[in-house]
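A look at the structure
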Amino acid sequence: MSAAGRLLLALALAPGALGAAAAARAESAADPGARAFQKCFACHSVNPAERGLPGPNLYHIVGRPAAALDDYEYSPAMIAAGRSGKLVWTEATLDRFLANPQTFLPGTAMNFFGLRNAEERKAVIAYLARKRP
Ligand code: HEC
């Protein structure tokens, strides 16, 4: 299913998701990081309570080892990277992953062409770094 299809399905299945989408849109008007996150939004949430999207929940992702969530079925490639202790999501590793997910981690299930613009990557990583307790 396409990302857009999944988003529509997620909206249809999750009560309150439309409210969350509207809130995210309002936030994105002011913040370039939130605006860039609109490209991730079909698959990811930064709301810790919102699970079951196509991609893992990204609340408190900065500083977390790869593939750390118990309730998400990661690809073997992501699990291997995380379990080996090699891959922790720092600002530097996120920058490289987001520039080109498939090059950084061959075999990843994240079907996303990447953010080519370094400023946009910086903004979205700063946005993710704020989504923490
Ligand atoms: C089309 C859906 C899709 C889009 C769009 C997408 N992702 Fe992902 N993302 C995934 C999937 C699926 C995974 C799990 C990958 C795996 O297991 O190999 C993932 C994994 C990740 C991870 C690793 C999480 C962990 O727990 O180890 C990060 C970080 C991430 N994505 C960030 C982003 C950001 C930031 C964006 C937007 C710039 C984005 N993704 C766009 C689907 C997507």
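For the structure itself, look to the data block above.
Fair warning: this is a prediction, and the values are worked out from it, not measured in the lab.

Let us look at the environment of N100. Secondary-structure assignment places N100 in the loop between α5 (91-99) and α6 (101-104). Classification of N100 as partly exposed rests on a count of 14 C-beta atoms within 10 Å. Taking C-alpha positions, N100 is 7.1 Å from L115, a pair spaced 15 residues apart along the chain.

Turning our eyes to something else, we now look at the environment of F97. Tracing the backbone through its elements, the reader meets F97 in helix α5. A residue is classified by how many C-beta atoms lie within 10 Å of it, and F97, with 23 of them, is buried. Remark: the alpha-carbon pair of F97 and G114, spanning 17 residues in sequence, is separated by 7.9 Å. When residues no more than four places from it in sequence are discounted, the contact partners of F97 are F104 and L105.

Inspection of the region around the ligand gives 29 residues, with C40, C43, G55, S75 and M110 positioned closest. Put simply, the parts of the chain that give the shell around the ligand at least two residues each are α4 (76-83) and α5. Partitioning the shell around the ligand into residue classes produces 23 nonpolar, five polar and one charged.

One finds F37, M78, L94, L98, V124, Y127 and L128 to be the most contacted residues of the largest nonpolar core, which totals 21 residues. Looking at this core, the elements with two or more residues in it are α3 (32-37), α4, α5 and α7 (118-130). The element contributing the most residues to this core is α7, with four residues. Residues contacting M78, with those up to four places away along its chain left out, are A66, A67, L105 and T108.

So, how was this worked out
- Residues numbered from 1 in each chain as written.
- Predicted model: local features only at pLDDT ≥ 70, side-chain atom pairs only at ≥ 80, totals over all residues.
- Helix = DSSP H or I, 4+ residues; strand = E, 2+ residues; numbered from the N terminus.
- Buried ≥ 20, exposed ≤ 12 C-beta atoms within 10 Å, placed from the backbone.
- Contact = placed C-beta atoms within 7 Å.
- Near = placed C-beta within 6 Å.
- Nonpolar A, V, L, I, M, F, W, Y, C, P; charged D, E, K, R; others polar.
- Core = buried A, V, L, I, M, F, W, Y, C linked by C-beta atoms within 7 Å.

The quantities given are spatial measurements derived from coordinates; they are silent on function.
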